[in-house]
Amino acid sequence: MIKIFVESGVNDARQHGKRTTNEQDFIEKVISLYFPKKEFGKDYLVVGVGGWTNLPNVVSEFKQNTDDGGNNLVVFDADTSQNSGGFIKRKEEIEVLKKQEELDFGLFLWPDNRSDGDFEMLLSQIINEKHRCLLDCFEKFEKDIRAHDPKEEKYITPGRKAKMYTYLDLHKKSGIEQEMIKKGFGLFNNSEYWNLNAEAISPLVDFFARYFGTTTEI
């Protein structure tokens, strides 16, 4: 069994009536596209940790899966210096924990396993390009807010997570799609919104290929 540990807390999401999180849904869609022979629940699972600092709370699950002959993968945000992170810093912190707890796992940090950033930064790189104007409008909106409140004393400038939620929310969608979003799905298999063939996904696919085997030609 391959267990993929992600930051988003699936159990926390379910307390709010959701079935999954965008992060988990995205990983499942990428695997189903590039490694279609791998079955969720049989060949792999995605485990929500609820924040990178909660990694110590699942040490026993790591070790049990290793003892059972499985592979553990950690897919977390690299973050930036603005939230006390950054690719180099976050990688070093996780590697220290890995050594201290004598864990065995492969590590990938969003967005591309070499840059500062997060899951939402990758999403911004794989939107359907014909809708790029929506993100351009959002960025103008952010600039206007900062112009009115340069010291951020009155307003909070929306972050990337809000930007990507707004991007998806702005599209006219069917009732079924609306319900799927409420349950935590990001509609990642809909090419009208997302391009899962984008070059930006290649680092993640290459990382998974080390454990899942040869990819399917897209």
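All of the points below concern the structure found in this document.

Cut-offs and rules
Residues numbered from 1 in each chain as written. Predicted model: local features only at pLDDT ≥ 70, side-chain atom pairs only at ≥ 80, totals over all residues. Heavy atoms only, no water. 1 Å grid on protein atoms, 1.4 Å probe; cavity = no way out; pocket = protein on both sides within 12 Å on 5 of 7 lines; lining within 4 Å. Points joined across faces, edges and corners; volume = space filled by probe spheres on them. Helix = DSSP H or I, 4+ residues; strand = E, 2+ residues; numbered from the N terminus. Nonpolar A, V, L, I, M, F, W, Y, C, P; charged D, E, K, R; others polar. Expected span 1.5 Å × (residues − 1). Buried < 20%, exposed > 50% of the residue type's maximum accessible area, 1.4 Å probe, protein only. Arc of directions from axis to C-beta. Contact = heavy atoms within 4.5 Å.

A word on the layout of surface pockets. Where empty space is left can be seen by rolling a probe of water-molecule size over the atoms. Taken as a whole, the largest pocket holds about 970 Å³ of empty space. Surrounding the largest pocket, 33 residues form its lining, Asn22, Phe119, Glu120, Arg160 and Lys161 being those nearest its centre. At the level of secondary structure, the elements contributing two or more residues to the lining of the largest pocket comprise helix 1 (10–14), helix 2 (22–34), helix 5 (119–125), helix 7 (160–169) and helix 8 (175–182). The biggest single contributor to the lining of the largest pocket is helix 7, with five residues. Among the residues forming the lining of the largest pocket, the class breakdown is 10 nonpolar, 12 polar and 11 charged.

In this section: helix 4 (residues 87–100). With 14 residues, helix 4 extends 20 Å from end C-alpha to end C-alpha; this agrees with the ideal 20 Å at 1.5 Å per step. Where helix 4 is concerned, the buried positions are Phe87, Arg90, Ile94 and Leu97. Viewed end-on, helix 4 has its buried residues packed into an arc of 105°, placing them on one side of the element. Those residues of helix 4 that are exposed and angled more than 90 degrees off the buried face are Ile88, Lys99 and Gln100. Among the structural elements, strand 3 (71–77) and strand 4 (106–110) are those in contact with the buried residues of helix 4. In the segment just after helix 4, Glu102 is the residue with positive phi, at about 55°.

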